Number of protein chains: 2
Amino acid sequence: MKYSKLFGKTIKDVSSEETSINAKLLTRGGFIRREIAGVYNFLPLGLKVIEKIEKIVREEMNSADSQELLMPALQNKESWIVTGRWDTFDVLFKLRSQTGSEYPLGPSHEEVLVPLVKQFVSSYRDLPLSLYQIQTKFRDELRAKSGILRGREFIMKDLYSFHADEKDFDKYYKRMMEAYSNVFRRVGLDAILTEASGGAFSEFSHEYQVITESGEDEIIYCSGGDFAQNTEIAKVKEGKECDLGHGPLKKVKTIEVGNIFPLATKFSDAFGLVYQDENGKSNPIIMGCYGIGITRLMGTVVEVHNDEKGIVWPDSIAPYKVHLVNIGNVKYAEKAYEDLVNAGIEVLWDDRDVSAGEKFADADLIGIPTRIVVSDKLGEGTIEVKSRKEKDSHTETLEAFLDTASIRG
Amino acid sequence: MKYSKLFGKTIKDVSSEETSINAKLLTRGGFIRREIAGVYNFLPLGLKVIEKIEKIVREEMNSADSQELLMPALQNKESWIVTGRWDTFDVLFKLRSQTGSEYPLGPSHEEVLVPLVKQFVSSYRDLPLSLYQIQTKFRDELRAKSGILRGREFIMKDLYSFHADEKDFDKYYKRMMEAYSNVFRRVGLDAILTEASGGAFSEFSHEYQVITESGEDEIIYCSGGDFAQNTEIAKVKEGKECDLGHGPLKKVKTIEVGNIFPLATKFSDAFGLVYQDENGKSNPIIMGCYGIGITRLMGTVVEVHNDEKGIVWPDSIAPYKVHLVNIGNVKYAEKAYEDLVNAGIEVLWDDRDVSAGEKFADADLIGIPTRIVVSDKLGEGTIEVKSRKEKDSHTETLEAFLDTASIRG
């Protein structure tokens, strides 16, 4: 892609309403643009990051034998009355049509999926079952001040699993834990598996928490990895020695990037979702639900991976792999661009007629992992290669660079 | 995919509320399931069809140098007041938050995109510009009785183009006509380019109309291809001889699967979207908009491509390429399934322990293009191959079948 043609350039001044690091950097970099509080446009650069995150999430969910479907945002009010959440779900948007009918605008999809599953599942032969979607959710948040970390409209992967008994549920819950760890590792996040409130029907749920000063959550954890609890439920105090001798427990601010939740039979009971076992006996179905906020994940990566110059994207979800910058030498830049594209490398070429300083500053802000410079000084065939993360750079031939396959998309 | 594991099986009884062919067949086939009137769940089979349509649409829009972005459903009321559509857009859903603020729930995105483009476009150097998204739209339709042809929530590709002058606009409008023809041809539809009302600011817009008895639109057209107008604007009568001697003009019912629309400066003027030309003079930007309903396209294909047994998917958007049916011989079916999968062929294997008749009826209903039968009678290595469209079948070796690359995904 030629940067001169790309819709959504870097900008200098961000609205004072954007107070979060993720919204400031993503807006300045030309990834997102605020529509209203808590609602964003994703410009072409931003959409590319989202697509890469979605691909990773899909791969891991499919690997865990989950099937993708797509449920609607407009839901059935009756189902929300059945579960009692029509009046108790505090951030539920209620939409009124011109005929006066009311509809919940989906903040979650248990009320859609459980009745849907009931239409197809009746026997032990139909279980276990795992279903997920990547879909837009709506929540009537009163304060939406943290950029794309907590939006009123956001993209979420929500997965629901259905089991004949607790043992089968436990097995799948552990499998999902692994899938979740894989997702967070692959997008470049250290996520801490943390015990949290299980609601009225389970002892615990589990959250994946990423340490960062701007987090809205707080956890107490052992850096050795054997203990982490959300402070909402923690009975131990910061400073206490961990049981395995890893040193004192620490209290830190975090962002919740995922959560997995045993639902027991809460929703199955509400809708009468049962199965017949091998003896023809009717039993309730055990459920779990598992969420990852796709847009929140993107925002969290920015909160964690940045420096004073801008964003530092992990390779796996960077919008492009290579940022090509030419200082003069347009003719060779054109050839280098074509060679990179033909080698299957995702490249953004800053082909504008502006100063080297401006190009470098924009490249640092946008945060693409590898910068390649061609210039009159270097001449033809030689490039300067610099990693966004490391300070050093080196020169090599473009040919040699193309031979290194590791950075290819 | 093994059919026994697939979520969303064929069903016999469809709610009497489903009166359209597309909703009946897609519901019976396990592709969709109604949530509320005009709002559907897309089960795994249905989502596969949608993904294939989206891929074709993306390829054609990208080929026309359009850039993909993603705009939100929750929009800014102020912008709708600026264009005057807050009070005049008849199917606009208005959402009220708990703080009392009102938001339009996007039925279209001019009010989002034009202000957004204004933030980045100011010079003739920034033009032309073409942007599109594939996104969920909401319309407060009073009657939503035609399945996924006219929903209250539906997936749409909407594209907007921005030009310095009429000449450049005309050039791009023609380019979009070609892109649109490509899309409809590739999904297996004969779409007739039809003149329709251009609103208050253009002589004509253009619709792509597909002839079918269940259509809500009506056109008068020449089968020779040199004339088609929506009856809303047609001044000629059915039966009149076409100017090129192709015979009498016909009046038929149609479904509008796409429309392209010259917007002139309607929205640019509303938001003050201008550009500086080479002489520093300020000029209004000329716009066009171009829509394809993704879910409507899926419904239209079903309305057109079906017979008394069920759906007949075109190869390009079928959920799977091969429907493998075994009559006994489970052991060889298992091997054939693996061989097909390993050859990169998308295959649905009906591995259930039910009668051959039930399997064949379901395969006909689901409508996958190629059916492969393995049986005790045929033994190992030999398969019966039948096209969903044609009546004849033949036997060959699986090896020979795998060598024919034409049906591969």
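Residues numbered from 1 in each chain as written. Chains lettered and ligands numbered in written order. Predicted model: local features only at pLDDT ≥ 70, side-chain atom pairs only at ≥ 80, totals over all residues. Heavy atoms only, no water.

**Describing the sheet that holds strand S19 (residues 347-350) of chain A**
Whether parallel or antiparallel, the strands of a sheet pair through hydrogen bonds between backbone atoms.
Residues and elements named next belong to chain A.
Inference 1: Overall, mixed pairing links the 5 strands, which are arranged S19-S18-S20-S21-S22 in an open sheet. Edge positions in the sheet fall to S19 and strand S22 (393-397), since each has one partner strand and no second. Here the strands of the sheet are splayed against their neighbours by 25° on average, with no regard to which way each runs.
Inference 2: In the packing of helix H10 (residues 356-366) onto the sheet, the strands contacted are strand S18 (322-327), S19 and strand S20 (370-375), and the crossing angle to S18 comes to about 175°. (Pairing = 2+ DSSP bridges. Helix = DSSP H or I, 4+ residues; strand = E, 2+ residues; numbered from the N terminus. Axes fitted to C-alpha atoms, helices over the stretch in contact; angles between N-to-C directions. Contact = heavy atoms within 4.5 Å.)

**Some details on the interface of chain A and chain B**
Inference 1: Residue-level contacts link 52 residues of chain A with 52 residues of chain B.
Inference 2: A combined buried area of about 4,700 Å² lies between chain A and chain B, and 63% of that area is made up of carbon and sulfur atoms.
Inference 3: Taken together, the connections running from chain A to chain B amount to 0 salt bridges.
Inference 4: Summed over the shared surface of chain A and chain B, the result is 18 residue pairs in polar contact (both at pLDDT 80 or more).
Inference 5: In the side of chain A that touches chain B, the residues fall into 31 nonpolar, 9 polar and 12 charged. (Buried area = accessible area lost by both parts, 1.4 Å probe. Salt bridge = Lys/Arg side-chain N within 4 Å of Asp/Glu carboxyl O. Polar contact = N/O pair within 3.5 Å; in protein donor to acceptor, adjacent residues only side chain to side chain. Nonpolar A, V, L, I, M, F, W, Y, C, P; charged D, E, K, R; others polar.)

**Things to note about the packing of aromatic side chains**
Residue and element names in this part refer to chain A.
Inference 1: What the rule picks out here adds up to 21 aromatic pairs over all chains.
Inference 2: Geometrically, the ring pair formed by phenylalanine 31 and tryptophan 313 is tilted, given 5.4 Å between the ring centres and 55° between the ring planes. In this pair, phenylalanine 31 sits in the loop between helix H1 (21-28) and strand S1 (32-36) while tryptophan 313 sits in the loop between strand S17 (310-311) and S18, placing the two residues 282 residues apart along the sequence. Judged on exposure class, the residue phenylalanine 31 and its partner tryptophan 313 are both buried. (Phe/Tyr/Trp six-rings, centres within 6.5 Å; stacked < 30°, edge-to-face > 60°. Buried < 20%, exposed > 50% of the residue type's maximum accessible area, 1.4 Å probe, protein only.)

**So, the relation of the copies chain A and chain B**
Inference 1: For the pair chain A and chain B, the superposition axis carries a translation of 0.0 Å, the fit reaches an RMSD of 0.0 Å, and the rotation angle comes to 180°. Look at the turn and shift together and you get a two-fold axis relating the two. Of every C-alpha in chain A, the one belonging to Leu95(A) sits nearest the axis of rotation, 2.7 Å from it.
Inference 2: A symmetric contact is evident, with 100% of the interface residues of chain A recurring at the interface of chain B. (Least-squares fit on C-alpha atoms with pLDDT ≥ 70 in both.)

**Here we look at helix H6 (residues 166-186) of chain B**
Residue and element names in this part refer to chain B.
Inference 1: With 21 residues, H6 extends 30 Å from end C-alpha to end C-alpha; this agrees with the ideal 30 Å at 1.5 Å per step.
Inference 2: Taken as a whole, H6 has its buried residues at Asp168, Phe169, Tyr172, Tyr173, Met176, Met177, Ala179, Tyr180, Val183 and Phe184.
Inference 3: Among the residues of H6, the N-terminal cap falls to aspartate 165, whose side-chain oxygen and the backbone nitrogen of lysine 167 are separated by 3.3 Å.
Inference 4: Glycine 188 sits one or two residues past H6 and shows a positive phi near 90°. (Expected span 1.5 Å × (residues − 1).)

**Notes on the side chain of Thr254(A)**
Inference 1: Take Thr254(A): it is sitting in strand S12 (residues 250-264).
Inference 2: Filtering out sequence-adjacent residues up to four positions away, Thr254(A) remains in contact with Gln209(A), Val210(A), Ile211(A), Thr212(A), Gly215(A), Glu216(A), Asp217(A), Glu218(A) and Ile219(A).

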